[in-house]
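Residue strings, one per chain:
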Amino acid sequence: MNVETTLKALFVGGLMLISACTSAARPSADAAVQSASRPTEGRVKSRLRADVEFLASDLLEGRETGSRGHAIAAHYVASRLAQYGVTPMGDNHTWYQAVPMLKSTLDPVSAHMTLHGRVSTDPLKLEYSKEFIVLPGAGAASGRVRAQVTFAGYGIVSKALKHNDYAGLDVAGKIVLILAGRPASYPSEAGAFVAKPDEKIRHAAERGAVGVIFMGPPTGERQGFYRHMAEFASAPRLQWQQKNGIAFGSSPGLHVVAAVTAEAAKTLFTEAGLSLNGLYADLKQGKSPVGFDLNLEVSLAHSTGVERISSPNVVGVIEGSDPVLKHQYVVYSAHLDHIGMSANSAEDHINNGAVDNATGVAIMLETARRFSLGEKPKRSVLFVAVTGEEKNLLGSDYFARNPRVPSNAIVANINLDMPILLYQFADIIAFGAQHSSMGDFVKVAAEKTGLKISPDPVPELALFVQTDHFSFVKQGIPSVYLMPGFTAADPALNGGQIAQSFYRTHYHRPSDDTSLPIDYDAAAMFSEVNFALGKEIADAAARPKWYPGDFFGEEFRLEVTELP
């Protein structure tokens, strides 16, 4: 999953809360034996194992976005799809959709932040890394600005949530100071979306701000908000490049994005002759802060090295059999990239990404094989191995905004990302099923494969908005992301504890490799339920619909009047 947030790391904490409860939810002994003894074709397991072992091999060096290893992986996926009779749907009738990117790397020596307030006689310089960080520029070689600061609360604008932190504020030509996070009363998934840093930066830029400074609330600081932002500053930043040469999501008028520690935030307010005590007290009481101008100017500067790179999505299609419905598409997506090589590992420094996400890609390939057999589905089925998921969903966002078919012809997305297949499972979790009629299709698929559907065990983590399917959601396309549940078929096992152990020990580490006890019977079952889900959607009389009044359906409504 992508590095925009630390939700997967936080997932460990959530699993710790629920792992003790999973044993109570286990099926009866008879059901467990029946689940464990489902017949599985040996060839399916062999194919899944072969795909995972190649994609997670040392040869591919962790499949870093834009790397040679990722290119080899893309060729492998294309060859597998060709073997199964899938038709290429990339650029110029090839398998590959090139995703042009700008890779920005900050020169930390160039980063400066100075406060020009009313308290100190001389300008007050903050220390880089210890007190503030600057994010690499959005494809810009440098950024420099001195401007008045306006505090804009959480920096959230949402018509559906009836929230506008910019009401009554004029931030044109100013630097906006924004709190990380969102009000605790907001729904988990909707709140997580409106609180995304990219969303907050966009709202500031649209209102003419020339800079953004993030500060963490007291709870955010304890959860490592600043530390996480500092990790972004020290690593290269990738964004896909538009045809006009500008990085998507960037604004030429917004010159610098920075973050400050809690102590540095106090200094900002002190230099303006104010105190943070009242603001923090309001936050602890659940009150949403009101914005105002600070009597303070800030100078911010940085220099960034910019490199142009490219990394491909792999795209193929199985054409539908219905003369009308074949012009509509069900999309399976799975991210092919991982995080590459680690410089700080003494021995094994290759992050092979076996579970994250060689397993997801292998299951997508097996799903493509299943669709190539026998009677074709009524709708067409697209298979997309996307790049740059670990770089903030770049490949899926590029594809969703530049699809190889008309946008309103895509009826649904089924995403495959990092299924924890270390035990045979008896249930599934369907992130996003509650937002649209995709949930009805999930129920049918689960029934056909003998699996139960369990509710989201950690709703506070809002996993629905964190991985590649959300790129499709933002284009108005109903989407769902299945994950093996924590009820193990073997009552002696605790699925929640097994998943927790993976996150704590192997996630984004070199040890996520093929030495892990990946259960290929479980992988075959997960492939079966994902195939059944896509088959139901592809053959249904009507395309999936957002439920009336759903936040995401209203936020990203897609007009489909000209299509059946």
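Thresholds applied
Residues numbered from 1 in each chain as written. Predicted model: local features only at pLDDT ≥ 70, side-chain atom pairs only at ≥ 80, totals over all residues. Heavy atoms only, no water. Helix = DSSP H or I, 4+ residues; strand = E, 2+ residues; numbered from the N terminus. Buried < 20%, exposed > 50% of the residue type's maximum accessible area, 1.4 Å probe, protein only. Contact = heavy atoms within 4.5 Å. Areas by Shrake-Rupley, 256 points an atom, 1.4 Å probe, with all protein chains shown as cover. Polar contact = N/O pair within 3.5 Å; in protein donor to acceptor, adjacent residues only side chain to side chain. pLDDT = per-residue confidence, 0-100. Lys, Arg positive; Asp, Glu negative; His and termini not counted. Salt bridge = Lys/Arg side-chain N within 4 Å of Asp/Glu carboxyl O.

Caption draft 1: Inspection of the overall build of the protein at higher detail. Scanning the protein from terminus to terminus reveals 17 helices and 18 strands. In the protein, buried positions account for 57% of the 564 residues. Counting contacts in the protein only where the partners sit at least 6 residues apart, residues at least 24 apart contribute 84% of the total. When the accessible surface of the protein is totalled, it reaches about 22400 Å², and 52% of it is carbon and sulfur.

Caption draft 2: Quick look at the environment of Tyr76. Take Tyr76: it is sitting in helix α4 (residues 68–83). Sequence separation between Tyr76 and Phe54 is 22 residues, and the spatial gap between their C-alpha atoms is 8.7 Å. Within polar-contact distance, the side chain of Tyr76 engages the side chain of Asp51 at 2.5 Å.

Caption draft 3: Region of interest: the confidence of the model for the protein. Residues of the protein with pLDDT of at least 70 account for 89%, and the chain-wide mean is 89. Note on residues 560–564: pLDDT is under 50 here. Beyond four places in sequence and across chains, it has 9 contacts.

Caption draft 4: Just the side chain of Glu189, in detail. Along the chain, Glu189 falls in helix α5 (residues 188–194). Arg182 is the oppositely charged side chain nearest to the buried, salt-bridge-free Glu189, at an N-O distance of 9.8 Å. Here His435 takes part through its side chain, which lies 2.4 Å from a polar atom of the side chain of Glu189. Beyond its immediate sequence surroundings of up to four residues, Glu189 is in contact with Gln434, His435, Ala462, Phe464, Val465 and Phe552.

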